[in-house]
Amino acid sequence: FDGKYDYSQLLAVDFLDKKLPWLSVYPSPASEILHISTDESSLDGQYTIFNALGAEVETGMCTKTEFDIPVSDYDEGMYYFSINSSKRTSFMVTH
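Here's a quick rundown of the structure. (Residues numbered from 1 in each chain as written. Predicted model: local features only at pLDDT ≥ 70, side-chain atom pairs only at ≥ 80, totals over all residues. Heavy atoms only, no water.)

Overview of unusual backbone geometry
Residue Pro27 is bonded to the preceding Tyr26 through a cis peptide linkage, with omega at -5°. Its identity is not glycine, yet Asp44 carries a phi of approximately 65°, on the positive side. In this structure, Asp44 sits in the loop between β2 (33-38) and β3 (46-51). Phi at Asn84 is positive, roughly 50°, even though this residue is not glycine. With respect to the helices and strands, Asn84 occurs in the loop between β6 (77-83) and β7 (87-93). (Helix = DSSP H or I, 4+ residues; strand = E, 2+ residues; numbered from the N terminus.)

Structural data, given as structure tokens:
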């Protein structure tokens, strides 16, 4: 070690710059009603439900931070709930 110093460039990283909406979908499995809970950043955003094959099953607008979606007419299986195409979570439907 010769006692000399070398400095590298310091680069700040902010991982919280683009905050994704908070999302909770329950119960899973659901049989009649699916409860949705999200934060204010999702208000007036569009939600989409896809089946396991990627086909769109339902779309709607998030007008409240907590709302219910009836799923009793859905076929049994795996589904995906997405808000503004940025946050996605899965849930099951059984009867």
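Description of the environment of Ala52
Examined against the element boundaries, Ala52 turns out to sit in the loop between β3 and β4 (56-61). According to the relative accessible area criterion, Ala52 is exposed, its value standing at 52%. Here the alpha-carbon distance between Ala52 and Met78, two residues 26 residues apart in the chain, equals 5.4 Å. Among all residues touching Ala52, those that are not within four sequence positions of it are Met78 and Tyr80. (Buried < 20%, exposed > 50% of the residue type's maximum accessible area, 1.4 Å probe, protein only. Contact = heavy atoms within 4.5 Å.)

Here's the deal with the packing of aromatic side chains
Applying the stated criterion across every chain yields a total of 4 aromatic pairs. Considering the side-chain rings of Tyr47 and Phe81, the 5.4 Å spacing of their centres and the 20° angle between planes classify their relative orientation as stacked. Taken together, the residues Tyr47 in strand β3 and Phe81 in strand β6 connect sequence positions 34 residues apart. Judged on exposure class, the residue Tyr47 and its partner Phe81 are both buried. The structure contains a cluster of three or more aromatic residues connected by ring pairs, namely Tyr47, Phe67 and Phe81. (Phe/Tyr/Trp six-rings, centres within 6.5 Å; stacked < 30°, edge-to-face > 60°.)

Focus: the sheet that holds β2
Across the sheet, 3 strands lie side by side as β1-β2-β5; this open sheet has antiparallel pairing. A single partner strand is all that each edge strand has here, and the edge strands are β1 (23-26) and β5 (66-70). With direction set aside, neighbouring strand axes in the sheet form an average angle of 20°. Pairing of β1 with β2, which is carried by 4 bridges, proceeds in the antiparallel orientation. The residue bridging Ser24 from the neighbouring strand is Ser37, located in β2. (Pairing = 2+ DSSP bridges. Axes fitted to C-alpha atoms, helices over the stretch in contact; angles between N-to-C directions.)

Observations concerning the environment of Asp68
Residue position: Asp68 is located in strand β5. With relative accessibility at 46%, the residue Asp68 sits in the partly exposed group. Taking C-alpha positions, Asp68 is 5.5 Å from Leu34, a pair spaced 34 residues apart along the chain. Discounting residues that sit within four places of it in the chain, Asp68 has contacts with Ile33, Leu34 and His35.

Such coordinate-based values are descriptive only and should not be taken to indicate function.
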